[in-house]
Amino acid sequence: MNKKAYDTDTVKMVTVNWFAVAGVILGAIVANVVTWGIASINGMVVAAVCYVIGEMVNKNK
């Protein structure tokens, strides 16, 4: 579909999104430690917040 994207021989390196990795780890910790609310939702909220913060930080670079 995007043939022009493959016309060049250069390779675009994709790095790891460390904020997403940190979000998953922090979400798991929060889901297991926090005693109020629903554990899975607490973990997802923390992971989503870390991811959004990471996207805003990477957007400003």
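See the structure shown above.
The model shown is predicted, which means the values in this text are computed figures rather than measured ones.

Here is what the cut-offs are and how they apply
- Residues numbered from 1 in each chain as written.
- Predicted model: local features only at pLDDT ≥ 70, side-chain atom pairs only at ≥ 80, totals over all residues.
- Heavy atoms only, no water.
- Helix = DSSP H or I, 4+ residues; strand = E, 2+ residues; numbered from the N terminus.
- Expected span 1.5 Å × (residues − 1).
- Buried < 20%, exposed > 50% of the residue type's maximum accessible area, 1.4 Å probe, protein only.
- Arc of directions from axis to C-beta.
- Contact = heavy atoms within 4.5 Å.
- Patch = residues over 30% accessible without salt bridge, like charges linked within 9 Å, V, L, I, M, F, W, Y side chains within 5 Å.
- Areas by Shrake-Rupley, 256 points an atom, 1.4 Å probe, with all protein chains shown as cover.
- Salt bridge = Lys/Arg side-chain N within 4 Å of Asp/Glu carboxyl O.

### Some remarks on helix α2 (residues 39-59)
(1) Moving on: The terminal C-alpha atoms of α2 lie 30 Å apart, and with 21 residues this matches the ideal 30 Å at 1.5 Å per residue to within 8%.
(2) Moving on: Regarding α2, the residues found buried are N42, G43, C50 and G54. End-on, the buried residues of α2 take up no more than an arc of 105°, which puts them together on one face. More than 90 degrees from the buried face of α2, the exposed residues found are M44 and K59.
(3) Moving on: Among the structural elements, α1 (18-33) are those in contact with the buried residues of α2.

### A few points about the environment of S40
(1) Moving on: Residue position: S40 is located in helix α2.
(2) Moving on: The class for S40 is partly exposed, based on a relative accessible area of 45%.
(3) Moving on: For S40 and A28, which are 12 residues apart along the polypeptide, the C-alpha to C-alpha distance reads 8.5 Å.

### A few points about the side chain of N42
(1) Moving on: With respect to the element layout, N42 can be found in helix α2.
(2) Moving on: N42 sits in the buried class, given a relative accessible area of 11%.
(3) Moving on: Not counting the four nearest positions on each side in its chain, N42 is found in contact with V30, V34, W36 and G37.

### Observations concerning a nonpolar patch on the surface
(1) Moving on: Where nonpolar side chains cluster on the molecular surface, the patch consists of F19, I38, I41, M44, V45, V49, Y51, V52, I53, M56 and V57 and spans about 970 Å² of accessible area.
(2) Moving on: The dominant element in the nonpolar patch, judged by the number of residues it contributes, is α2, at nine residues.
(3) Moving on: Inspection of the secondary structure puts I41 in helix α2.

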